Amino acid sequence: DYTVKAISLEGGSPSLLEAGDLQNILRSIRRHFDLDDAVQISLQTMPGDYSRALMEKMRDSGVNHWIVGLETADRQEHALLRRPYKFDALTMVDAALRTFNPRALSFDLLYGIPGQSLSSWKHTLETALAYQPDHLSVIPLLLKRNSALYTDCALGLIPPQSQVLMSQIAEYTSQRLSALGFYSC
């Protein structure tokens, strides 16, 4: 007697699959579960993982909520995170969103990146806000033991982010988003 109201394919791993594999997963879910007529089907990808073919296949499979794993709009911070996607891929996001026109749009953003300033954070936040997203996930970066960034900080090659600045970023973000009508969870 359970009706599925939301399906979320997140975590970066959806972009490792081919569009056909994602379609098969969604078809299988539809075969085995009762989906609400207004089901929200979310897919997270990183900038650069977009193609017209992917967007169209996902739209045709019912994906109606796109999550952009932007993390940062600062070139140096992006390089420091060693992410595999191309930094300049926001133009691909622009084209994909014009093609796809999702029912809902979200951005995942990271703060607390070593070397991040309040100014660079404001730039990242405003870059995401320019897309008029329905949702923002603002996530503090956690340095995981054995990661390259953790090792660089532990060796003193890169200073970790100060707690004072992280608090300033969190406070600024809360005030800015609250003024725009966003609420925090």
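So, how was this worked out
Within every chain, residues take consecutive numbers counted from 1 along the sequence as written. Predicted model: local features are reported for residues with pLDDT of at least 70 only, side-chain atom pairs are reported and counted for 80 or more only, and whole-chain, interface and lining totals are derived from all residues. Each side-chain value is worked out from all heavy atoms of the structure, with water and hydrogens disregarded. Helix numbers and strand numbers start at the N terminus; a helix is a DSSP run of H or I with at least 4 residues, a strand a run of E with at least 2. A helix is expected to reach a length of 1.5 Å times the quantity of its residues less one. When a residue's accessible area, from a 1.4 Å probe over protein chains only, is under 20% of the maximum for its type it is buried; when over 50% it is exposed; and in between it is partly exposed. Comment: arc refers to directions from the helix axis out to C-beta atoms. Between Lys or Arg on one side and Asp or Glu on the other, a salt bridge is scored when a side-chain nitrogen of the former is within 4 Å of a carboxyl oxygen of the latter. One requirement defines pairing of two strands: DSSP has to find at least two bridges between them. What makes two residues a contact is simply this: any of their non-hydrogen atoms within 4.5 Å. Nonpolar core, defined: a set of buried Ala, Val, Leu, Ile, Met, Phe, Trp, Tyr and Cys residues in which side-chain atoms within 4.5 Å join the residues together.

1. Regarding helix H1 (residues 19–32)
Working step 1: The end-to-end C-alpha separation of H1 is 20 Å, in line with the 20 Å expected for 14 residues at 1.5 Å each.
Working step 2: Of the positions making up H1, those classed as buried are Ala19, Leu22, Gln23, Leu26 and Ile29. Along H1, the residues classed as buried sweep out an arc of 125° about the axis, all on the same side. Turned more than 90 degrees away from the buried face of H1 sit Arg31 and His32, all of them exposed.

2. Brief notes about the pattern of salt bridges
Working step 1: Inspection of every chain in the model, using the stated rule, returns 4 salt bridges.
Working step 2: One salt bridge connects aspartate 36 with lysine 5, and the closest N-O pair in it is separated by 3.9 Å. With a gap of 31 residues between them, aspartate 36 in strand S2 (residues 34–45) and lysine 5 in strand S1 (residues 3–9) connect regions that are remote in the sequence.
Working step 3: Judged by relative accessible area, aspartate 36 falls into the partly exposed class, the value being 26%.
Working step 4: Here arginine 82 and aspartate 152 are joined by a salt bridge, their closest N and O atoms 2.8 Å apart.

3. Section: helix H7 (residues 163–179)
Working step 1: Between its first and last C-alpha atoms H7 spans 24 Å; for 17 residues at 1.5 Å apiece the expected length is 24 Å, and the two agree.
Working step 2: Taken residue by residue, H7 has Leu165, Met166, Ile169, Thr173 and Leu177 as its buried positions. Relative to the axis of H7, the buried residues are bounded by an arc of 100° and lie together on one face. Summarising the geometry of H7, the exposed residues directed more than 90 degrees from the buried face are Gln163, Val164, Glu171, Gln175, Ser178 and Ala179.

4. Observations regarding the pairing of strand S4 (residues 104–111)
Working step 1: Burial of S4 is extensive: 8 of the 8 residues sit out of reach of the surface.
Working step 2: For strand S3 (residues 65–71) and S4, the ladder comprises 5 bridges, and the chain directions are parallel. Paired with tryptophan 66 across the two strands is leucine 105, which belongs to S4.
Working step 3: Here S4 runs beside strand S5 (residues 135–140); their pairing, made up of 6 bridges, is parallel.

5. Here we look at the environment of glutamine 161
Working step 1: For glutamine 161, the position within the fold is in the loop between helix H6 (148–154) and H7.
Working step 2: With a relative accessible area of 13%, glutamine 161 lands in the buried category.
Working step 3: As for glutamine 161 and glutamine 116, which are separated by 45 residues in sequence, their C-alpha atoms are 7.3 Å apart.
Working step 4: Excluding its chain neighbours within four sequence positions, the residues that come into contact with glutamine 161 are Gly112, Ile113, Pro114, Gly115, Gln116 and Met166.

6. Remarks on the nonpolar core
Working step 1: If you look at the biggest cluster of nonpolar residues, it comprises 32 residues, and the most contacted ones within it are Ile7, Met58, Val63, Trp66, Phe107, Leu109 and Leu136.
Working step 2: Once you skip the residues sitting within four places of it in the chain, phenylalanine 107 turns out to touch Val68, Leu70, Ala128, Tyr131, Pro133, His135, Leu136 and Ser137.
Working step 3: Among the nonpolar cores identified, the runner-up in size contains 8 residues, and Leu110, Leu141, Leu149 and Cys153 belong to it.

7. Some thoughts on the environment of isoleucine 41
Working step 1: Position of isoleucine 41 among the secondary structure elements: in strand S2.
Working step 2: Here the alpha-carbon distance between isoleucine 41 and glycine 62, two residues 21 residues apart in the chain, equals 6.6 Å.
Working step 3: With near-sequence residues (within four places) excluded, isoleucine 41 lies in contact with Ile7, Leu26, Arg30, Ser61, Gly62, Val63, Asn64 and His65.

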